[in-house]
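What follows is the residue order along each chain.
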Amino acid sequence: QIQIEDDRTGLSIETLRRAMADNLFYILGKYPAIANNKDYYMALAYTVRDRLLHRWLNTYEAYMKPEVKIVCYLSAEFLVGPHLANNLINLGIYDQIRQAVQESGLNLQELINTEEEPGLGNGGLGRLAACYMESLATLEVPAIGYGIRYEFGIFDQEIREGWQVEITDKWLQDGNPWEIIRPESEVYINFGGRTEPYQDDQGNYRVRWIPEYVVKGIAYDTPILGYKVNTANTLRLWKGEACESFNFQRFNVGDYYGAVDTKVYSENLTKVLYPNDEPVQGKELRLQQQYFFVSCALQDMIRIHLTESENLDNFGDKFAAQLNDTHPSIGVAELMRLLIDVHHYSWDQAWDITQKTFAYTNHTLLPEALEKWPLSIFGRLLPRHLEIIYEINRRFLDQVRMKYPGNNEKLSCLSLIDDRGEKYIRMANLATVGSHKVNGVAALHSELVKKTILRDFYEFWPEKFTNVTNGVTPRRWMVVSNPRLSELITSRIGDNWIKNLDELRRLEQFVDDGHFRYQWREVKWGVKQDLANYIEDKLGIKVSPDTLFDVQVKRIHEYKRQHLNVLQIITLYNRIKHNPNLDFTPRTCIFGGKAAPGYYMAKLIIKLINSVAEVVNKDPDVRDRLKVVFLPDYNVTLGQRVYPAADLSEQISTAGKEASGTGNMKFSLNGALTIGTYDGANIEIRQEVGEENFFLFGLKTEDIDQLRAKGYNPWDYYYNNPELKSTLDLISSGFFSHGDCELFRPLVDSLLHSDPFFLFADYQSYLECQDRVSQAYKDQEYWTKMSILNVARMGKFSSDRSIKEYCENIWYAKPVPIEMKD
Ligand code: 26R
């Protein structure tokens, strides 16, 4: 009997080939003679999407059961990266698709490379949200990610004459095959205006909000697949649109141009991601964005709950809402408003539900990144929320007074309002008061949260505070990005490690197997060759995979100290110049990362890297032993090329400043060794892989605090360290800037006069550590053993482990396996 497969679901090579051709014709409106790679990519993406829709709908339906608890991850950023390759892996159809594509005369990798990545995040925080969505799906935990569908994501970076230039990111230009618009899920969001007390029919005292304008939120859904399970969770991103019924009719009757104005205004709301990794003090549009997506999310959750339940009494059992930093923390006041004003709950009931629902993750201790909104702006935009926050604060401070009678100091620290000068709303305080749990993102960071920024809250509610160390998904960061290493690992220990990363430990038994080590090196060498080809292609710089690939990729920030790395490179260069026949371990130093457009110092660091590269790369004395490369436009896609090719991972932040880091995990999982400070998750990575397999240097957090307290003077280091002095002098002399002694002066002066991130204090220790790295790399057998042990012992840093901890200790959520019905 002949079975005919459905073109939309069948998985035989022949069916897949036909489905692609069909989509190319009927969706793209093209036939092979006039189709390019982009068209084929789209046809393929639709072919894959067809094959996940059943799972997606079954998943959605399963979550509508009242006993199912849904995790709602509220985040202003989701840096998901390209979907195609990941979906092929998670659906388990990579090989079939590769064959079908090949039989159509195409190359799968080329099609994968044409995908524009959705750059809907800045860096660590946004990428973490994406890893967590993937792990939630893989663990079959019901989840919805709520965020903003920015029309323009993080800018594209070009380098012109060594400087960063920002280009608008037009990721939606060619259409997005992964999203489905859900017009039926529209919600309305109020802004501005005033509030008004009134009595309802039963004589109850209530408040209503009479807004100045209303914006409509439209949901766009993207499926997030779990690895080899039926679960397909939803990433629901909101777009702002004009609201016809409100503005168009009431205010713009007959005024066509006025009506279009409102449309433009409303659509501005979700136009662009704020590219800053730092303060956006008083940027009203940012507060509008935050309130917009959070209100959309909460209204959506309420609607879901009311389809299966009479009332909202059990809202906190149906949903766990995680606040990804303070960006969505206005949600605390918004849920109170919805429960009290719209659904007529009493204050106490509403407050119980709210605290039960929310939990808050802190991602940074940098004081300048702690969000606070000027009360004037806040009150104008969200008058009702201001009233609610005052009432939350009044009741909270009453509790504080009971515990600390007469202690005004405590009251002013804990207050949700900063009224020492211009008044501000403190969003971290609001998030903490409104949540049942507060966590940091690595062991050290969580301790510092309790000791510094939220110290008084910790004293008041010690049981609220906890730690969940970050993790990354091994599907994207190993299987998708490093197939060669993944296959080698699987050839020895099977493929269970992909779902249970602790199983990597079974690799330990092979460290003394010379053939395995040889294969391990071959894999690394091949991946380095790929990156070398990419570098030559993009930048015309030739680098050799026989050199040590020393990599620092992350956002450019003074606290991350890319410039410390540069000082080290210049020092090495100086050594070669003074001693041309020096026994030198050849290195290729690779940088990548974007600077916030308004962050002058970060942009100058990029210029410095490129200027040093220009001089070093062409100096014949160097004889190719040292190369410096700045990879433009570092993003998820590029990260997938870079992490697998690294020998050495630079994690050199000032101790106490990097909350966790997640790049550090991606490197080590791909066999790079880490040179790092005692900071963030570095500490836990070192503990796991063993101190003998980790290059630690520099001052610890306490040392830095002591040094600062006793009076840190960078000049002492400058005058007492000849190598440091000649390195700085070389920069100041204009050697890297065609004789321009002024160009890098702001950077040099900042170091000499204040050095807020203690580069000079760590310089000597860093250089000595780098010498140990160079020595170790000479013994390739020994290096390979360390590399294998790094991978074998990194199981803890799977985001699956992080998500299990959140489920256990914070969300009280359980897996719900999805059965396929049709
Ligand atoms: C207020 C504002 C504009 C803003 C401040 C800071 C926006 C974005 C940020 C970025 C911060 C919160 C961030 O990305 N933090 C990073 O979070 C990662 C995931 O937890 C950590 O690994 C990383 O150490 C931390 O810097």
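Here, every reference points to the structure presented above.
In short, a report on the structure.

About the criteria used
Residues numbered from 1 in each chain as written. Predicted model: local features only at pLDDT ≥ 70, side-chain atom pairs only at ≥ 80, totals over all residues. Heavy atoms only, no water. Phe/Tyr/Trp six-rings, centres within 6.5 Å; stacked < 30°, edge-to-face > 60°. Helix = DSSP H or I, 4+ residues; strand = E, 2+ residues; numbered from the N terminus. Buried < 20%, exposed > 50% of the residue type's maximum accessible area, 1.4 Å probe, protein only. Core = buried A, V, L, I, M, F, W, Y, C linked by side-chain atoms within 4.5 Å. Contact = heavy atoms within 4.5 Å. Expected span 1.5 Å × (residues − 1). Pairing = 2+ DSSP bridges. Axes fitted to C-alpha atoms, helices over the stretch in contact; angles between N-to-C directions.

### Remarks on the packing of aromatic side chains
Taken as a whole, this structure holds 32 aromatic pairs when the rule is applied. Between Phe191 and Tyr291, the ring centres sit 5.8 Å apart and the planes meet at 85°, which makes this aromatic pair edge-to-face. Of this pair, Phe191 sits in strand S5 (residues 180-191) while Tyr291 is found in helix H10 (residues 284-308), placing the two residues 100 residues apart along the sequence. Across the pair, Tyr291 and Phe191 agree in class, each one buried. With a centroid separation of 4.8 Å and an interplanar angle of 40°, the aromatic rings of Phe697 and Tyr766 are classed as tilted.

### Topic: the nonpolar core
Tyr146, Phe191, Phe292, Phe378, Ile392, Phe396 and Trp811 are the most contacted members of the largest nonpolar core, which has 120 residues in total. It is H10 that provides the largest number of residues to this core, a total of eleven residues. Not counting residues up to four positions away in its chain, the partners in contact with Tyr146 are Cys72, Tyr73, Leu74, Ser75, Phe78, Arg236, Trp238, Phe293, Ala297, Asp300, Met301 and Ile304. Listed in part, the 89 residues of the second largest apolar core include Ile97, Trp178, Phe694 and Ile788.

### Some details on helix H2 (residues 37-50)
Spanning 14 residues, H2 covers 20 Å between terminal C-alpha atoms, matching the ideal 20 Å at 1.5 Å per step. Counting buried residues along H2, twelve of its 14 residues qualify, which places the element largely inside the surrounding structure. Of all the positions in H2, only Asp39, Tyr40, Tyr41, Met42, Ala43, Leu44, Ala45, Tyr46, Thr47, Val48, Arg49 and Asp50 are classed as buried. Tucked into the core, H2 has its buried residues touching helix H1 (13-26), helix H3 (53-63), helix H4 (84-91), helix H5 (94-103), helix H6 (108-113) and S5.

### Comments concerning the pairing of strand S10 (residues 319-324)
Consecutive residues of a regular strand have side chains that alternate between opposite faces of the sheet. Among the six residues in S10, six count as buried, and that is most of the element. The alternating pattern of S10 places Phe319, Ala321 and Leu323 on one face and Ala320, Gln322 and Asn324 on the opposite face, and all of these are buried. For S10 and strand S11 (residues 358-361), the ladder comprises four bridges, and the chain directions are parallel. If you follow Asn324 over to S11, its bridge partner there is Thr361.

### Describing the environment of Ala21
Tracing the sequence through the fold places Ala21 in helix H1. The spatial distance from the C-alpha of Ala21 to the C-alpha of Val816 is 36 Å, given a sequence separation of 795 residues.

### With respect to the sheet that holds strand S2 (residues 143-148)
The strand order across the open sheet formed by nine strands is S5-S8-S9-S2-S1-S10-S11-S15-S16, and the pairing between neighbours is mixed. Strands at the two margins of the open sheet, each flanked by one partner only, are S5 and strand S16 (465-467). Averaged over all neighbouring strand pairs, the angle between strand axes comes to 25°, with direction disregarded. As judged from the eight bridges shared by S5 and strand S8 (residues 213-225), these two strands associate in the antiparallel manner. By the bridge assignment for S8, Phe191 is matched with Tyr213. Each of strand S1 (70-74), S2, S5, S8, strand S9 (232-242), S10 and S11 touches H10; the most contacted strand, S5, lies at about 120° to it. Helix-sheet contacts for helix H13 (residues 347-357) involve S10 and S11, and the interaxial angle to S11 is about 40°.

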